[in-house]
Amino acid sequence: MKLRLHRMLDERWDDVLERAARAAAAAVDAPIALVSVLDDRLQHFAAHVGLPPELEVSRAVARELGFCRVVVDGHRALAIPDTVESPALRPELIDAFQF
């Protein structure tokens, strides 16, 4: 798993993934968009638009806190108009990073 994750987060993919994040943000007029990769402990932000500075530095959150688990568990795309009002999201993440 680590080898596959390492390849996915390889610098050669940076431009492609960053373009995908920008396109996703623009398509739904969202202030934040993520291209994420999950491992058994973390949600890694392979590319992003609009992350708070603390997350931009770490580029990861605990898997159980991240939004990606909602997508994986639900087997569908996720767009959240208002994170504060969403029952699917963990309040700790919203409170910690002011989403």
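Above this text is the structure in question.
Below: a short report on this structure.

Cut-offs applied
Residues numbered from 1 in each chain as written. Predicted model: local features only at pLDDT ≥ 70, side-chain atom pairs only at ≥ 80, totals over all residues. Heavy atoms only, no water. Pairing = 2+ DSSP bridges. Helix = DSSP H or I, 4+ residues; strand = E, 2+ residues; numbered from the N terminus. Axes fitted to C-alpha atoms, helices over the stretch in contact; angles between N-to-C directions. Core = buried A, V, L, I, M, F, W, Y, C linked by side-chain atoms within 4.5 Å. Buried < 20%, exposed > 50% of the residue type's maximum accessible area, 1.4 Å probe, protein only. Contact = heavy atoms within 4.5 Å.

Remarks on the sheet that holds strand E2 (residues 42-49)
Across the sheet, which stays open at both edges, the three strands sit in the order E1-E2-E3 with antiparallel pairing between neighbours. Of all the strands in the sheet, just strand E1 (33-38) and strand E3 (60-62) have a single pairing partner and so form its edges. When strand polarity is set aside, the average angle formed by the axes of neighbouring strands in this sheet is 30°. Two elements, E2 and E3, share three bridges in a ladder whose sense is antiparallel.

Looking at the nonpolar core
In this structure, Leu 17, Ala 21, Val 35, Val 37, Ala 46 and Ala 47 together form the largest nonpolar core, which totals six residues. Residues within four places of Val 35 in sequence aside, it is in contact with Leu 17, Ala 20, Ala 21, His 44, Phe 45, Ala 46 and Ala 47.

Some points on unusual backbone geometry
One non-glycine residue, Arg 59, lies in positive phi territory at about 55°. Along the chain, Arg 59 turns up in the loop between helix H3 (53-58) and E3.

Without other data, these values stay purely geometric and don't point to any function.
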